[in-house]
Amino acid sequence: MWRQGQNLVRQASPRLIVLPHSSNRSCGIITGSSSSSSSSSSSPSVSIWRRKKDIGKEGLMVAKELKRLQSNAVRFERFMKSHVSRLLKSDLVAVLAEFQRQDLVYLSMRLYEAVRKEIWYRPDMFFYRDMLFMLARNKKVDETKKVWEDLKKEGVMFDQHTFGDLVRAFLDGGLSSEAMHIYDEMRLSPDPPMSLPYRVMMKGLLSYPELREKVKDDFLELFPDIVVYDPPVDLFDEEEWRKESDDD
């Protein structure tokens, strides 16, 4: 009789899930209805550099003052130490993103350095990607070299799509040498090659026929079964004519 009563109680109680090695959280027991929320909360968080970046009031004030003080080196450095170093992570990230959006290279580089000194900073592909996109738009070679050295020291690796987008960005910015340096890094990447990034690059290389042929040869070696569309020859002639006209 006593055993029958115990069985009835077990059948009537909610289904329980026991989690191993979790004695610090309610003895490791959660109800079946909460298991889905626990699973979602344990999933890896999205990179802070990919989240929506809203600037708070203090961040707006700091951004305004940095823009105002950048011509005064002494006051600028003092403000960096007294205010920028005290910004919340979300505000610091948002201010950097806003400076990048406005193509404010000097201020972006200063915030870039400030971020890398924060205790919460972790090397991140998207952090470096956004910096390099901004530098490509503004044709900044020296700054690009510094940022690239930093990411190499920190062991940051780009995926194939990001490599292709970066090469295209530097080509669009007229920095073909830097673009091909990034392309060489892409070729050395341990990630398996993908056809789409190569197509993106070859489109950006229409103004550089010789470099395009190099990338095309690599592409055909990697993907021998894929047909490459070549624009009419007169398109290259037109690009050459434009260059000669500009020189004249």
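Bear in mind the structure is a predicted one, so any value in this text is a computation, not a measurement.

Enquirer: Before we move on, could you go through the overall build of the chain and cite the residues and values that matter?
Expert: Secondary structure summary: the chain contains 13 helices and 2 strands in total. Scored against the burial criterion, the 248 residues of the chain give a buried share of 36%. When the accessible surface of the chain is totalled, it reaches about 15,900 Å², and 54% of it is carbon and sulfur.

Enquirer: Help me get a handle on the packing of helix 10 (residues 176-188) against helix 11 (residues 195-204), residues and values and all.
Expert: Between two packed helices, the angle of one axis relative to the other and the distance separating the axes together describe the packing. As a packed pair, helix 10 and helix 11 sit with axes 13 Å apart at the nearest point and diverge in direction by 165°. Accordingly, the angle class assigned to the pair helix 10 and helix 11 is roughly antiparallel. Read as a crossing pair, helix 10 and helix 11 show a hand that is left-handed. Between helix 10 and helix 11, the residues in contact are Tyr183, Met186 and Arg187 and Pro197, Tyr198 and Met201, respectively. Of the residues assigned to the contact of helix 10 with helix 11, the class counts are 5 nonpolar, no polar and 1 charged.

Enquirer: Go over helix 9 (residues 160-172), please, and point to the residues and values.
Expert: Helix length check: helix 9, at 13 residues, gives a terminal C-alpha distance of 18 Å against a target of 18 Å (1.5 Å per residue), a fit within 8%. Among the residues of helix 9, Gln160, Thr162, Phe163, Gly164, Leu166, Val167, Ala169, Phe170 and Leu171 are the ones counted as buried. Residue Asp159 occupies the N-cap position of helix 9, its side-chain oxygen lying 3.3 Å from the main-chain nitrogen of His161. Remark: Gly174 follows helix 9 within two positions and exhibits a positive phi of approximately 80°.

Enquirer: Explain unusual backbone geometry residue by residue, including any values.
Expert: Phi at Asp103 is positive, roughly 55°, even though this residue is not glycine. Mapping Asp103 onto the fold places it in the loop between helix 5 (89-101) and helix 6 (105-116). Even without being a glycine, Lys139 presents a positive backbone phi close to 55°. Structurally, Lys139 can be placed in the loop between helix 7 (125-137) and helix 8 (141-153).

Enquirer: Could you give an account of the UniProt feature "repeat: PPR" (unreviewed entry) in the chain, naming the residues involved and the relevant values?
Expert: Here the UniProt-annotated "repeat: PPR" (unreviewed entry) positions come out as residues 124-158 and 159-193. Span residues 124-158 is 74% helix and 0% strand, its end C-alpha atoms 9 Å apart. With 74% helix and 0% strand, residues 159-193 has end C-alpha atoms that lie 9 Å from one another.

Enquirer: Talk me through the packing of aromatic side chains; I want residue IDs and the actual numbers.
Expert: Enumeration over the complete set of coordinates arrives at 11 aromatic pairs. On the basis of an interplanar angle of 40° and a centroid distance of 5.9 Å, the ring pair of Trp148 and Phe158 is categorised as tilted. Of the two residues, Trp148 is situated in helix 8 and Phe158 in the loop between helix 8 and helix 9; the sequence distance between them amounts to 10 residues. Between the aromatic rings of Phe219 and Phe223, the centroid separation amounts to 5.2 Å while the plane-to-plane angle is 45°, which identifies the pairing as tilted. The exposure class of Phe219 is buried, given its relative accessible area of 0%. Using a relative accessible area of 15% as the deciding quantity, one classes Phe223 as buried. Each residue in the set Tyr112, Tyr121, Phe127 and Tyr128 is aromatic and connected to the rest through ring pairs, giving one cluster.

Enquirer: So what's going on with the pattern of salt bridges? Which residues, and what values?
Expert: What the rule picks out here adds up to 14 salt bridges. A salt bridge links Asp130 to Arg129; the nearest nitrogen and oxygen atoms lie 3.1 Å apart. Lys214 is the partner of Asp218 in a salt bridge, and the nearest nitrogen-oxygen pair spans 3.5 Å. Taken together, the residues Asp218 and Lys214, both in helix 12 (residues 209-222) and 4 residues apart, mark about one turn of the helix. Taking relative accessible area as the criterion, Asp218 reaches 11% and is therefore assigned buried. Salt bridges sharing partners connect three or more residues here, namely Glu113, Arg116, Lys146, Asp150 and Glu154.

Calculation criteria
Sequence order sets the numbering: in each chain, residues are counted from 1 along the sequence as written. Selection of residues for local features in this predicted model requires a pLDDT of at least 70, selection of side-chain atom pairs for listing and counting requires 80 or more, and totals for whole chains, interfaces and linings are taken over all residues. No hydrogens and no water enter the side-chain calculation; it runs on all heavy atoms of the structure. Secondary structure elements follow DSSP: runs of H or I no shorter than four residues count as helices, runs of E no shorter than two count as strands, and numbering proceeds from the N terminus. Burial classification: accessible surface area is computed with a 1.4 Å probe over protein chains only, and a residue below 20% of its type maximum counts as buried, one above 50% as exposed, and the rest as partly exposed. Values of accessible area rely on a 1.4 Å probe in the Shrake-Rupley scheme; residue burial ignores everything except the protein chains shown. Helix axes use the C-alpha atoms of the stretch in contact, all axes being lines fitted to C-alpha atoms, and the angles between their N-to-C directions lie in the range 0 to 180 degrees. Any angle from 65 to 115 degrees is called roughly perpendicular, while one under 35 is roughly parallel, one over 145 is roughly antiparallel, and all others are oblique. Note on convention: near helix rotated counterclockwise from far helix by under a right angle means a left-handed crossing. Clockwise means right-handed. Throughout, a contact is declared for two residues whenever any of their heavy atoms are within 4.5 Å. Residues are grouped as follows: nonpolar covers Ala, Val, Leu, Ile, Met, Phe, Trp, Tyr, Cys and Pro; charged covers Asp, Glu, Lys and Arg; every other residue, Gly included, is treated as polar. Any helix carries an expected span of 1.5 Å times its number of residues minus one. Any pair of N or O atoms that falls within 3.5 Å is considered a polar contact. Within protein, one atom must be able to donate a hydrogen and the other to accept it, and sequence-neighbouring residues count only if both atoms are side-chain atoms. UniProt positions are given in the numbering used here, feature names are shortened, and annotations may be inferred rather than shown by experiment. Under the pairing criterion, centres of Phe, Tyr and Trp rings, with the six-membered ring standing for Trp, must be within 6.5 Å; the plane angle then separates stacked pairs below 30 degrees from edge-to-face pairs above 60, leaving the rest tilted. Only one rule defines a salt bridge in this text: a Lys or Arg side-chain nitrogen within 4 Å of an Asp or Glu carboxyl oxygen.

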